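Tertiary structure, described
What follows is each chain in one-letter form.
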Amino acid sequence: MGRRLLTDSFFKHTMTVGGISVIVAVSAIFFYLASVVVPLFMAPSVDKRSQYAVPGGGQATLAYTGEEQREIGSRVGTQGSVTFFRFDSGEVLSETLLPVPAGVEVTSAAVGERRSYSQGFGLSDGRVILAKQGFAVSYPNNRRLITPELSYPLGEQPLVVDPRGQPIRLLGVQQSDDGSTIAALTVDGRLLVSAVNVTTNPITGEAKSEVQQSEISPVPAGVRQLYIESKQRELYVLHGDRSLARYDISNKTAPRLLETVEIAPAGQRVTALAMLSGGFSLIVGTDRGELAQWFPVRVEGTTFALKRIRGFDPMPAAVTALAPEFFRKGFIVGDAQGHLGSYFATSQRLLFRERLSDQPLVALGVPPRGNGYLAQDQAGRVYSAAVENHYPEVSFSALWQKVWYESYEEPDYVWQSSAANADFEPKFSLAPLTYGTIKAAAYAMAISVPLAILGAIFTAYFMSSRMRTVVKPTIEVMEALPTVVLGFLAGLWLAPLVENNLAGVLLSILLLPASMILAAYVWHLMPAAIKDRVAPGWEAALLMPVLVFVVWLTFQIGHPIEAAFFGGDMPNWLSNELGIKYEQRNSLVVGIAMGFAVTPTIFSIAEDAIFSVPKSLTSGSLALGATPWQTLMGVVLLTASPGIFSAVMIGLGRAVGETMIVLMATGNTAVMDFSIFTGFRTLSANIGVEMPEAGVGETHYRLLFLSALVLFAFTFFVNTLAELVRQRLREKYQTI
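Description of the structure in this document. (Residues numbered from 1 in each chain as written. Predicted model: local features only at pLDDT ≥ 70, side-chain atom pairs only at ≥ 80, totals over all residues. Heavy atoms only, no water.)

Here's the deal with the overall build of the protein chain
The criterion, for reference: Helix and strand definitions follow DSSP, with helices as H or I runs of at least four residues and strands as E runs of at least two, each counted in order from the N terminus. Our radius of gyration looks at C-alpha atoms and nothing else; its globule reference is 2.2 Å times the residue count to the power 0.38. Burial classification: accessible surface area is computed with a 1.4 Å probe over protein chains only, and a residue below 20% of its type maximum counts as buried, one above 50% as exposed, and the rest as partly exposed. When checking whether two residues touch, look at their non-hydrogen atoms; a contact exists if any pair is within 4.5 Å. The Shrake-Rupley method, run with a 1.4 Å probe sphere, supplies the accessible areas, and residue values consider only the shown protein chains as cover. When charges are counted, Lys and Arg are positive and Asp and Glu negative, with His and the chain ends excluded. The location of each charge is read from NZ of Lys, CZ of Arg, CG of Asp or CD of Glu.
When helices and strands are counted, the protein chain shows 15 helices and 31 strands. Relative to the 2.2 N^0.38 estimate, which gives 27 Å for 736 residues, the radius of gyration of the protein chain is 36 Å and therefore markedly larger than a compact globule would have. Considering only C-alpha atoms, the protein chain reaches an extent of 120 × 80 × 60 Å along its principal axes. Out of the 736 residues in the protein chain, the part that is buried amounts to 49%. A sequence separation of at least 24 residues applies to 58% of the contacts in the protein chain between residues at least 6 apart. Of the accessible surface of the protein chain, which amounts to about 34900 Å², a share of 60% is contributed by carbon and sulfur atoms. For the protein chain, the centre of its 56 positive side-chain charges and the centre of its 61 negative side-chain charges are spaced 7 Å apart.

Have a look at this one:
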C-alpha cells in the first residue's frame, strides 16, 4: 500500500513538473519573440544635443551635411564657401573657398542628391562651378582619421552654361559618375539645360567631356526653384504659389514639357520642396505646415502623371526647410516657429517632433546613416543631436494595409525585402504572407478533413477488425514521411503532372466522390447472394479498384477534352481566355501534398476517438431499434465529437506551421490571390527562406521574428479556442 502511494505521489509530482515546464517553455518562447520584436515599435531616441554659432559665418547657409560616423559636419555657404566642423561642438576644422574668378560673383547655388555630396554655384558671368565633398578615412597608428576634402568633377574652371554671359539667378544640379546635368535660370528669364557626359578611355585612362546644351521655351512665370531628379532624366520647375512643371530632359538637346500640376491646395503657397532619396518622390511643404508626397504614376502605356500619394501630420507653422536622408525614404522638416519634425514616407510616420528655437529654422542636414541632424535657425544658432532611429519603415499601416510604393500604379500589399540597387524602397507588408498561410491551410484542410474524418468513421465503426489492423497502422506510417520528401515529390513530380493533365485532375476531384456514391448505390442493388459473399466490413476493399479505374479514366479522357474545348492546353486557355493566371507550382498542388501530410494526423486521432466510444452505448442504441446509421449519427459521433474536433484543430495547426512542402511546391510569390491556380508565400516558408540572409538586429531580421510571433499568436488563439469548444462538447455530451 505504501509503495503504491509513493508511486502515485511520484507520478503526480512528475506530471505537475512536466506541465509547469511546458507552460514555462511556451512563455519563454513568447517573451523571447516579443523581446526581438518590441524595438520595432519603439519611438526614436534623441540625445547628445548641443548648440553653437554658425561655423564659418559670413555667408547665408545653403545646406548642411556630414560624414557617416557623425564626427564631422559640413556647411555650404551660398557664396561658395565650404566649412568643415566638429559635428557635436561646431569647432571649425577647415574652410575652403571655391575658385571663383576675379571680378565674378556667386549669384545662385543649389545642391544635388544628398548621397552625391555635390553642390553647384551659378556665377554672374553665366558660368557654373560644380563642387563635390568627400571624406577620406585612414588609420594612422590604428586610430581612425577622417579627412574632409573638396573636389571639382568638371574641373576648377567654371563651365559656361549661358553663352551670353548673363548672371544665373536660379540653379539646379545633379552629378553622378556618368555625367552631370545643370539647369539654370538667367536674370533675363531664360531657362537653360546643360549636360556634361564624361567618358574614360579604359586603356589610357584619359577622360573626355561632351557638353550638350539647350533652352526651354516658354519659361513659366514666377519660377522659384529648379530640381533635377537623380537619374537626370526629368526637371521640376516650381513657379507661382503652387504650380510645378515637369520636363523630360532625357534628350538634353530637346527638353519637352510633360505636365504642369498644382501641388498644394488652393489658397496655400509651397514654401519648401525636396526630393527623397532615389530621386523619384517629391516632398512638398506649404505655408500652413502641410506636408505631402508626390511621385509620377503610370496612367497609360509609357505615360506618367504626377500624383499626390499621401499626406503627413502637419507641422505647427509654415514649413521653412526640408532635408531628405541619404539612402532611406526619411526626411526632416523645420517650420517658422522653430519646430523640427522627422518623418518617414513609406510608413507615413511622424517619428518625433521637438521645438529647438523660437526662431524659424532655415537650413537642415542629415548624416548619411540618418543617425543625427543639424538645424540652423534664423538667429544664426546651429542645433545638433544624435538620433537612434533604426526602424522607421515599420508602422501598422505599412505592415497590414495597402501602401502606395514608388513606381507602382496603385496601393498594394507587397513583401519585398531586398533589391539590386540602393534606391530600393522597403516593402514589408505581412498581409500577403498571412493571407498565404491561411490560403495554404484552407486548401489543405479542404482536402484532408473530409478524407480523414470519413475514413476514420468507416475504419472505427464499419470496417472489420482484421482489415482495421492493416489500414490504421498503414495510414499512421504515412504520418512519419518527412515533409521535405513530400515537398520534393510535389514540386518535381506532382506539379508537372497536374499541369500536363489539368482537365483530368479537375475531373478526378469532381468524379471521385460521385463514383464512390454511385458504387455504393450499385452495391446496394446487388442481389443478396452476391453481397453475402463479402464479409461485413470488407466492402471498402471492393471500392479500391473502382477508384483506381475512375482516376485512370479521367486522365484518359482529360486530353481529348482539353483538345476539344480548351485548344489542347487548358492552362494557357485559362490565362488567355479567362484571364486566370496559371502557375505550375500552385495552390492545387500544395493542397494535395499538404492534404496528404495532414490527413494521417487527423485520421489517427479521430479514429481513436470514434473507436473509444463505449460499446455499451452502441449496443443499447441498436437494441432500442436504431439502425447503425442512426446510432452513428445520434450516439457515436456526438460522443466522439470532442476528440474529432481536437483532431481537426491539431491538423489545422500542422497545416498552418508547415514549411518544407510550401517552400518546395509553390512559387513563393507573396500575392493576395485566392485562386487555386496561383502560388503564394506563407509566414513559415518566408522565415525559412529569408532568415539566413537577414542581418541580425536589422528591420528585416526583426520582422521575420514578428512573423514568427504572428504564427505563435495564431496557433495559440486557435488551440485555446479549440480547447474551450472541446470542453463545451465534452460537458454537453458526457451524459449520453
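From this point, the narrative continues.
Points about the packing of aromatic side chains
This is how the line gets drawn: In summary, the pairing rule links any two rings of Phe, Tyr or Trp, Trp by its six-membered ring, whose centres are within 6.5 Å, and it sorts them by plane angle into stacked for under 30 degrees, edge-to-face for over 60 and tilted for everything else. A ring has a charge above it when a Lys NZ or an Arg CZ is no more than 6 Å from the ring centre and no more than 35 degrees off the ring normal.
Scanning the model with the defined rule gives 28 aromatic pairs in all. With centroids separated by 6.3 Å and ring planes inclined at 85°, the aromatic side chains of Y64 and F85 adopt a geometry described as edge-to-face. Of this pair, Y64 sits in strand β2 (residues 61-66) while F85 is found in strand β4 (residues 81-86), placing the two residues 21 residues apart along the sequence. The exposure class of F85 is buried, given its relative accessible area of 0%. Summarising the aromatic geometry, the rings of F462 and W629 are spaced 5.3 Å apart at their centres and angled 40° between planes, so their arrangement reads as tilted. Taken together, the residues span a long stretch of sequence, with F462 in helix α3 (residues 431-462) and W629 in helix α12 (residues 628-657) at a distance of 167 residues. Look at F462 and you get partly exposed, because its relative accessible area is 24%. Members of the aromatic cluster, connected to one another through ring pairs, are F84, Y117, F135, F326 and F327. Here the guanidinium or amino end of K427 rests over the ring plane of Y405, the centre of that ring lying 5.4 Å away.

Some details on the sheet that holds strand β23 (residues 319-324)
Counted only if it meets this: Pairing between strands is defined by DSSP: at least two bridges between the two strands are required. Axis definition: a line fitted to C-alpha atoms, limited for helices to the stretch in contact. Angles are taken between N-to-C directions and run from 0 to 180 degrees.
The sheet built from four strands is open, its strands ordered β23-β24-β25-β26 with antiparallel pairing. Two strands in the sheet have a free side with no partner beyond their single neighbour: β23 and β26 (349-355). On average, each strand axis in the sheet is tilted by 20° relative to the strand beside it, whichever way the strands run. The sheet contact formed by β23 and strand β24 (residues 330-335) spans five bridges and is antiparallel.

Observations concerning the side chain of K252
For clarity, the cut-off: Two N or O atoms form a polar contact when they lie within 3.5 Å of each other; inside protein one atom must be a possible hydrogen donor and the other a possible acceptor, and for residues adjacent in sequence the pair counts only when both atoms belong to side chains.
Relative to the helices and strands, K252 resides in the loop between β17 (243-248) and β18 (256-262). Of the polar contacts made by the side chain of K252, one reaches the backbone oxygen of I249; its length is 3.1 Å. Leave out the neighbours within four places in its chain, and K252 touches T181, V193, A195, Q212, Q213, S214 and Q232.

Considering the environment of A318
Relative to the elements of secondary structure, A318 occurs in the loop between β22 (303-312) and β23. Classification of A318 as buried rests on a relative accessible area of 19%. In this structure, the C-alpha to C-alpha distance between A318 and A272, residues 46 residues apart in sequence, is 9.3 Å. Look past the residues within four positions of A318 in its chain and what remains in contact with it is T286, D287, R288, G289, G334, D335 and A336.

Details of the nonpolar core
Note the following rule: Residue types Ala, Val, Leu, Ile, Met, Phe, Trp, Tyr and Cys, when buried and joined through side-chain atoms within 4.5 Å, form a set referred to as a nonpolar core.
W415, V498, L502, M594, I610, L703 and L706 are the most contacted members of the largest nonpolar core, which totals 77 residues. Once residues lying within four places of it in the same chain are set aside, the contact partners of M594 are A440, A444, A655, E658, I661 and V662. Counting 28 residues, the second largest nonpolar core, distinct from the first, contains V261, A272, A274 and I283.

As for the packing of α3 against α12
Note the cut-off: Left-handed describes a crossing whose near helix is turned anticlockwise from the far helix by less than a right angle; the clockwise case is right-handed.
Running from amino to carboxyl end, α3 crosses α12 at an angle of 145°, the nearest separation of the two axes being 10 Å. In the packing of α3 onto α12, the handedness of the crossing is right-handed. Side by side, α3 and α12 meet where T437, A441, A444, M445, V449, I453, I457, Y461 and F462 of the first sit next to P628, W629, T631, L632, V636, L637, I644, V648, G651, L652, A655 and V656 of the second.

Overview of the side chain of H339
Residue placement: H339 occurs in strand β25 (residues 339-344). Not counting residues up to four positions away in its chain, the partners in contact with H339 are M315, P316, V333, G334, E354, R355 and L361.

Some words on the sheet that holds strand β28 (residues 372-377)
Strand pairing within a sheet occurs via backbone hydrogen bonds; the two strands may be parallel or antiparallel. Taken together, the four strands give an open sheet; going across it, the order is β1-β29-β28-β27, and neighbouring strands pair in antiparallel fashion. Of all the strands in the sheet, just β1 (45-53) and β27 (361-365) have a single pairing partner and so form its edges. Between one strand and the next, the sheet's axes are offset by a mean angle of 20°, whatever the strand orientation. Looking at chain direction, β27 and β28 are connected through four bridges and run antiparallel. When the sheet's bridge partners are listed, L361 is paired in β28 with D377.

Points about the pattern of salt bridges
Put simply, the rule is: Note on definitions: salt bridges are taken to be side-chain nitrogens of Lys or Arg within 4 Å of carboxyl oxygens of Asp or Glu.
One pass over the full model with this rule turns up 23 salt bridges. Salt-bridge contacts for R269 lead to D241; the nearest nitrogen and oxygen are separated by 2.5 Å. Residue R269 is located in the loop between β18 and β19 (270-275), and its partner D241 is located in the loop between β16 (234-239) and β17; the two are separated by 28 residues in the primary sequence. Accessibility expressed as a relative area gives 33% for R269, which makes it partly exposed. The residue E607 makes a salt bridge to R468 at a minimum N-O spacing of 2.5 Å. You can see E607 sitting in helix α10 (residues 587-611) and its partner R468 sitting in helix α4 (residues 465-478), a full 139 residues away along the chain. A single burial state applies to E607 and to R468, both of which are buried. Sharing partners across several salt bridges, the network here consists of R468, K472, E476, E607 and D608.

Description of α12
Defined as follows: To estimate the expected span of a helix, subtract one from its residue number and multiply by 1.5 Å. Working definition for bend: take the seven residues up to and ending at a residue and the seven starting at it, fit an axis to each, and measure the angle between the axes.
Between its first and last C-alpha, α12 extends only 38 Å over 30 residues, short of the 44 Å set by a 1.5 Å rise per residue. S641 marks the point of greatest bend in α12, at about 60°, and the proline P642 comes within the next four residues.

Looking at the pairing of β17
Counting buried residues in β17 gives six out of six residues, a clear majority hidden from the surface. Judged by which residues are buried, β17 turns out to be covered on both faces: S243, A245 and Y247 on one side and L244, R246 and D248 on the other are all buried. As paired elements, β16 and β17 share six bridges and run antiparallel to each other. Bridging across to β17, Y236 finds its partner in R246. Inspection of the sheet shows β17 paired to β18 by six bridges, in the antiparallel sense.

Concerning the packing of helix α5 (residues 483-500) against α10
Helix packing geometry: the angle between the two helix axes and the distance between the axes. Put simply, the test is: Here the word oblique covers every angle except those under 35 degrees (roughly parallel), over 145 (roughly antiparallel) and from 65 to 115 (roughly perpendicular). The residue classification treats Ala, Val, Leu, Ile, Met, Phe, Trp, Tyr, Cys and Pro as nonpolar and Asp, Glu, Lys and Arg as charged. All others, Gly included, are polar.
At their nearest, the axes of α5 and α10 sit 10 Å apart, and the two run at 140° to each other. Compared by their axis directions, α5 and α10 come out oblique. Relative to α10, α5 is oriented so that their crossing is right-handed. Every residue of α10 that contacts α5 at L486, A490, L494, A495 and V498 is listed here: L588, V589, I592, A593, F596 and A597. Looking at the contact of α5 with α10, its residues break down into eleven nonpolar, no polar and no charged.

A short note on α10
Compared with the 36 Å implied by 1.5 Å per residue over 25 residues, the 34 Å span of α10 between its first and last C-alpha is a close match. The largest bend along α10 measures about 35° and falls at V598, with the proline P600 one to four residues further on. Sitting at the head of α10, N586 places a side-chain oxygen 3.1 Å from the backbone nitrogen of L588.

Here we look at the environment of E262
Topologically, E262 is positioned in strand β18. We classify E262 as partly exposed; its relative accessible area is 38%. Separated by 376 residues in the primary sequence, E262 and L638 have C-alpha atoms spaced 69 Å apart. Apart from residues lying up to four places away in sequence, E262 is in contact with R242, S243 and W294. Reaching out from E262, the side chain makes a polar contact with the side chain of S243 at a distance of 3.0 Å.

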